[in-house]
Amino acid sequence: MITMLDVAKKAGVSKATVSRVLAGNNYVSKTTHERVLKAIEETGYRPNLLARNLATSKSQNIGLVVTNTLYNGPYFNELLFQAATVTEQHGRQLILADGKHDARQERQAIEFLLDLRCDAIIIYPRFLNADELDDIIEQTHRPIIVVNRLLKKHPAHCVIAAHQKNSVEAVNYLVAQGHREIAFIHGASGSPTGLSRFKGYRQALRAHHIHLDEQRIVQGEWTLQSGFNAAQELMARGVSFTALMASNDDMAMGAARALYAAGKRIPQDVSLLSFDDIPMASFFVPPLTTVHVPVGEMIRHTLEKLVLMLGGDSSEPLPAIAGRLMVRDSVAPGPWLAGR
């Protein structure tokens with residue numbers, strides 16, 4: 001195995017000089033610096049990255065913590081693709097750590113990235129709450145940005161989507177299309193995103209003076225199967241609904257399967273609206289009307305904030321990033337549409 005000493009002999013310098021070159025020390029002359037780099041290339045030496053990180057306190061790496069509950073789906077694909085792409089554009093490497101199954105393991109994933117001397121960390125939390133995340137930011141001397149979770153103490157350290165506002169706009173659209181009996185499939189229990197979308201649904205109904213019927217609300221778990229089960233449960237309750245909102249596209253597609261199995265047509269009998277705008281949404285039959293969540297924009301803002309922080313600049317809080325309603329074919333005029 002090629003060692004630093006082999007490089008030093010090849011370059012005709014001391015081992016300490018090779019170490020200084022690898023650490024980016026400015027006290028090495030240009031001629032010596034070039035000679036050492038040439039020796040590294042000729043010998044094929046690969047420095048111990050962890051040792052170099054310890055010596056320089058810089059790694060050019062950005063850490064990303066994501067729980068594995070997001071792995072199976074296009075939303076995670078988009079998140080990871082954007083994170084990797086934008087990180088590369090900034091000349092850095094992305095390191096992924098699995099947040100696994102609970103808050104303790106999510107915290108361990110953060111500690112793992114800190115131990116690797118990542119220059120900064122992006123957290124897409126599932127289990128850690130806002131107070132716990134605020135505490136981690138206070139205790140850590142490296143830049144941390146939390147995606148999709150509003151922080152109380154450190155609002156400049158988070159990038160969020162306007163889930164509640166977008167949900168209000170989605171209900172407003174259904175009401176404008178003549179729907180009043182609007183059922184809702186909730187996101188996973190304890191999910192801040194699911195809760196925000198439900199709050200928007202409830203807020204919009206109240207604004208339109210539409211009674212909130214608990215029988216039209218059913219729990220989901222973000223999955224196709226849970227959407228299928230939720231729609232079956234709604235129909236089993238015998239409650240009427242002319243439109244159905246699902247907290248994400250997967251649940252909407254699962255619900256559609258249950259509706260079709262029960263002989264209900266979309267959108268003729270039930271209009272269907274959801275959130276995320278995954279690639280499959282526009283190819284579904286009928287194409288889903290859904291709220292596009294700006295994952296790419298959120299990640300770009302996140303990396304831009306981290307780069308500013310790494311440069312020693314302060315970062316100001318960002319307003320929630322709005323999505324947009326993608327109107328397609330899964331919503332039809334309802335029985336309360338003016339003029340019908």
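Conventions used here
Residues numbered from 1 in each chain as written. Predicted model: local features only at pLDDT ≥ 70, side-chain atom pairs only at ≥ 80, totals over all residues. Heavy atoms only, no water. Phe/Tyr/Trp six-rings, centres within 6.5 Å; stacked < 30°, edge-to-face > 60°. Helix = DSSP H or I, 4+ residues; strand = E, 2+ residues; numbered from the N terminus. Buried < 20%, exposed > 50% of the residue type's maximum accessible area, 1.4 Å probe, protein only. Domains from an automatic or database assignment. Salt bridge = Lys/Arg side-chain N within 4 Å of Asp/Glu carboxyl O. Pairing = 2+ DSSP bridges. Axes fitted to C-alpha atoms, helices over the stretch in contact; angles between N-to-C directions. Contact = heavy atoms within 4.5 Å.

## A look at the packing of aromatic side chains
The tally for this structure, following the rule as stated, stands at 3 aromatic pairs. Ring centres of phenylalanine 184 and phenylalanine 198 lie 5.6 Å apart, and the angle between their planes is 55 degrees; this geometry places the pair in the tilted category. Of the two residues, phenylalanine 184 sits in strand β6 (residues 182–186) while phenylalanine 198 sits in helix α9 (residues 192–207), which places them 14 residues apart along the sequence. Residue phenylalanine 184 is classed as buried on the basis of its relative accessible area, which comes to 0%. Considering the side-chain rings of phenylalanine 198 and tyrosine 201, the 6.0 Å spacing of their centres and the 35 degrees angle between planes classify their relative orientation as tilted. With a gap of 3 residues between them, phenylalanine 198 and tyrosine 201 both fall in helix α9, about one helical turn apart.

## A short note on the domain arrangement of the protein chain
Domain annotation for the protein chain reports domain 1 (4–47), domain 2 (61–159) and domain 3 (163–293). The distance between the C-alpha centroids of domain 1 and domain 3 comes to 62 Å.

## Quick look at the pattern of salt bridges
Applying the stated criterion across every chain, the model contains 10 salt bridges. A salt bridge links arginine 328 to aspartate 277, with the nearest nitrogen and oxygen atoms 3.0 Å apart. Note that arginine 328 is positioned in the segment after β11 (324–326) and aspartate 277 in the loop between β9 (271–276) and β10 (289–292), a separation of 51 residues in sequence. Assigned by exposure class, arginine 328 and aspartate 277 land together as buried. When salt bridges with common partners are traced through the structure, they connect Glu181, Asp213 and Arg216 into a single cluster.

## Examining the sheet that holds β11
On the basis of which strands lie adjacent, the open sheet formed by 6 strands has the order β7-β6-β8-β9-β10-β11 and mixed pairing. Of all the strands in the sheet, the pair left with one neighbour each is β7 (217–219) and β11. With direction set aside, neighbouring strand axes in the sheet form an average angle of 20 degrees. Where β9 meets β10, 4 bridges bridge the pair, whose relative direction is parallel. Note on β10: the bridge partner recorded for phenylalanine 275 is valine 291. Lying on the sheet, α9 is in contact with β6, β7, β8 (243–246) and β9; it crosses β6 at an angle near 165 degrees. Packing against the sheet, helix α10 (residues 224–237) makes contact with β6, β7 and β8, and its axis sits at approximately 140 degrees to β7.

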